[in-house]
Amino acid sequence: RITELHAVEILDSRARPTLAVSLTTEDGIRVRAGVPAGASTGTREAVELRDADPGRYGGQGVLTAAGQVNGEIARSLAARDFASATEIDRALIDLDGTGTKSRLGANAVVGVSLAAWYAEAARAGRGPWQHLARTAGTTPRLPVPHFNVVNGGAHATGGPDIQEFMLAPLGAPDFPEAVRAGAEVYARLKARLSAAGHSTGLGDEGGFAPAIRRPEDVLTLLVEAITDAGYTPGRDGVAIALDPAAGQFRRPADGRYLIDGEALTSDALIDRYEEIVDRFPVWSLEDGLAEDDGDGWVRLTARLGDRVQIMGDDVFVTDPALIAEAVARRAATSALIKVNQIGTVTETLEALRVCREAGWAQMVSHRSGETEDTFIADLAVGAGTGQIKSGAPARGERIAKYNRLLAIADADPALPYGLAGP
Ligand code: PGA
Ligand code: ZN
């Protein structure tokens, strides 16, 4: 039974308001959750509430969403006995009633959902990841971290068109060594960028944001930095993952993709990706096409799906139904998983289950606007996804997740590290 639910407006890592939700139970458990926010969002994501008062935070305030938690949600939930966090999630979905969480606000709903799961784990005397594994019936493992070391697109003005260039230490023997590889390559990359006269200022996810347009030029630098740091570029050492977030550079008028000064059709862009995969140790490609390029996704998967992981983010928005549909159409081979895209932990676990049953890989993800909350680290371990992305090995809100994973690795040396099996 919930005795107190309270939301307050705090800041995210981009100096925009977001929510912190604290929850107290009858038996004296008190937990707090922070809500993340994206910048390159899918059109079918759960809808967050922003105040639209131009006099406060440029219209980005979340006092209305806080009011939903402190008012209607608190009144409704505090009056009842709940057997589980899942029941609380179901009650939130029903109370909202819209399917997109737009009435109560996805930011309000996700804050309460995260807090409910923290509280349930605490009541059970378990860490969040042990509790999530127990509830979902999954085998825990430490995920391969995907360090976003070059930021572009909507995350860094003046950077590359491709939003994310990530390092994936697939060949690391364990999680701490994976973190070490990420940090060492990051340092070597910084040195190379400085030496070449590029800016080493950071984008929203802690990666560098040099004014280099051609993706191949960034990839060349990454391979050099991996080698400089003493690692092998590729799956035996440090591989590369891309998130072009292609919906951000698709021209609505004719559906062409504006990349690096060219206007490419879907097929020309797929050709370009194939050349990239031929030349560079890229192992995963997220949002290589826009969410409304449905046939393109099928062609991309047919062409490259047995060479690289074809991952959908904006196109699936962690929605179990959209993932199931894409499984049937062979429109990808894996899904990115973000709790605030769908709104509750229960629906997120459902999306993960759909992936597992289809033999699809899953990567748990932060948002470009983050807080110090570390729920996603526990989710990645507990659900045994084998993959997480939480930005560069830099900036406090990114490091909070990696440091949480280091603490889990230290406390449970028996946990396996690496990609989940088929
Ligand atoms: P977002 O981007 O958090 O800004 O939406 C992250 C991503 O595209 O993976
Ligand atoms: Zn993405």
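Residues numbered from 1 in each chain as written. Chains lettered and ligands numbered in written order. Predicted model: local features only at pLDDT ≥ 70, side-chain atom pairs only at ≥ 80, totals over all residues. Heavy atoms only, no water.

**Some remarks on the overall build of the protein chain**
1) Next: Along the protein chain, the regular secondary structure elements total 13 helices and 13 strands.
2) Next: Over its C-alpha atoms the protein chain spans a radius of gyration of 21 Å, differing by no more than 12% from the 22 Å that the globule rule assigns to 422 residues.
3) Next: For the protein chain, the residues scored as buried account for 60% of the 422 residues in total.
4) Next: For the protein chain, restricting intrachain contacts to residue pairs at least 6 apart in sequence, the fraction spanning at least 24 positions comes to 69%.
5) Next: Of the accessible surface of the protein chain, which amounts to about 15300 Å², a share of 49% is contributed by carbon and sulfur atoms.
6) Next: Of note, the protein chain has its 43 positive side-chain charges centred 1 Å away from the centre of its 58 negative side-chain charges. (Helix = DSSP H or I, 4+ residues; strand = E, 2+ residues; numbered from the N terminus. Rg over C-alpha atoms; globule rule 2.2 N^0.38 Å. Buried < 20%, exposed > 50% of the residue type's maximum accessible area, 1.4 Å probe, protein only. Contact = heavy atoms within 4.5 Å. Areas by Shrake-Rupley, 256 points an atom, 1.4 Å probe, with all protein chains shown as cover. Lys, Arg positive; Asp, Glu negative; His and termini not counted. Charge placed at Lys NZ, Arg CZ, Asp CG, Glu CD.)

**Describing the sheet that holds strand β11 (residues 334-337)**
1) Next: With mixed pairing, eight strands are arranged side by side around a closed barrel as β4-β5-β6-β9-β10-β11-β12-β13. The mean inter-strand angle of the sheet, taken between neighbouring strand axes irrespective of direction, is 30°.
2) Next: Together, β4 (144-151), β5 (164-168), β6 (239-243) and β9 (282-286) form the strand contacts of helix α6 (residues 215-228), whose direction differs from that of β5 by roughly 25°. (Pairing = 2+ DSSP bridges. Axes fitted to C-alpha atoms, helices over the stretch in contact; angles between N-to-C directions.)

**Side note on the UniProt feature "domain: Enolase N-terminal" (unreviewed entry) in the protein chain**
1) Next: Under the UniProt annotation, "domain: Enolase N-terminal" (unreviewed entry) lies at residues 2-132.
2) Next: Counting secondary structure, residues 2-132 comes out at 39% helix and 18% strand; the distance between its end C-alpha atoms is 20 Å. (UniProt positions renumbered as here; feature names shortened; annotations may be inferred.)

**Some details on the site of ligand 1**
1) Next: Around ligand 1 lies a shell of 14 residues, among which Ala39, His155, Arg367, Ser368 and Lys389 are the nearest.
2) Next: Here His155 contributes a side-chain N or O atom positioned 2.7 Å from an oxygen atom of ligand 1.
3) Next: Interatomic distance of 3.0 Å between a side-chain N/O atom of Asp313 and an oxygen atom of ligand 1.
4) Next: With respect to the pocket detection grid, ligand 1 is positioned in the second largest cavity.
5) Next: For the shell around ligand 1, the residue count by class is two nonpolar, five polar and seven charged. (Near = heavy atom within 4 Å. Polar contact = N/O pair within 3.5 Å; in protein donor to acceptor, adjacent residues only side chain to side chain. 1 Å grid on protein atoms, 1.4 Å probe; cavity = no way out; pocket = protein on both sides within 12 Å on 5 of 7 lines; lining within 4 Å. Sits in = over half its atoms within 2 Å of the grid points. Nonpolar A, V, L, I, M, F, W, Y, C, P; charged D, E, K, R; others polar.)

**Some points on the side chain of Ser113**
1) Next: Its place among the elements puts Ser113 in helix α3 (residues 106-123).
2) Next: Once you skip the residues sitting within four places of it in the chain, Ser113 turns out to touch Asp89, Leu92, Gly343, Thr344 and Val345.

**Considering the pairing of strand β2 (residues 17-25)**
1) Next: Counting buried positions along β2 gives nine out of nine residues, so the element sits mostly inside the fold.
2) Next: Burial along β2 is two-sided: the face carrying Pro17, Leu19, Val21, Leu23 and Thr25 and the face carrying Thr18, Ala20, Ser22 and Thr24 are both buried.
3) Next: Joining the antiparallel neighbours strand β1 (residues 2-11) and β2 is a turn of five residues, in which Ala15 adopts a positive phi near 65°.
4) Next: Sheet topology note: the β2/strand β3 (residues 30-34) ladder contains five bridges and is antiparallel. Paired with Leu23 across the strands is Val31, a residue of β3.
5) Next: Hairpin remark: β2 followed by β3, antiparallel, with four residues in the connecting loop; positive phi at Gly28, about 85°.

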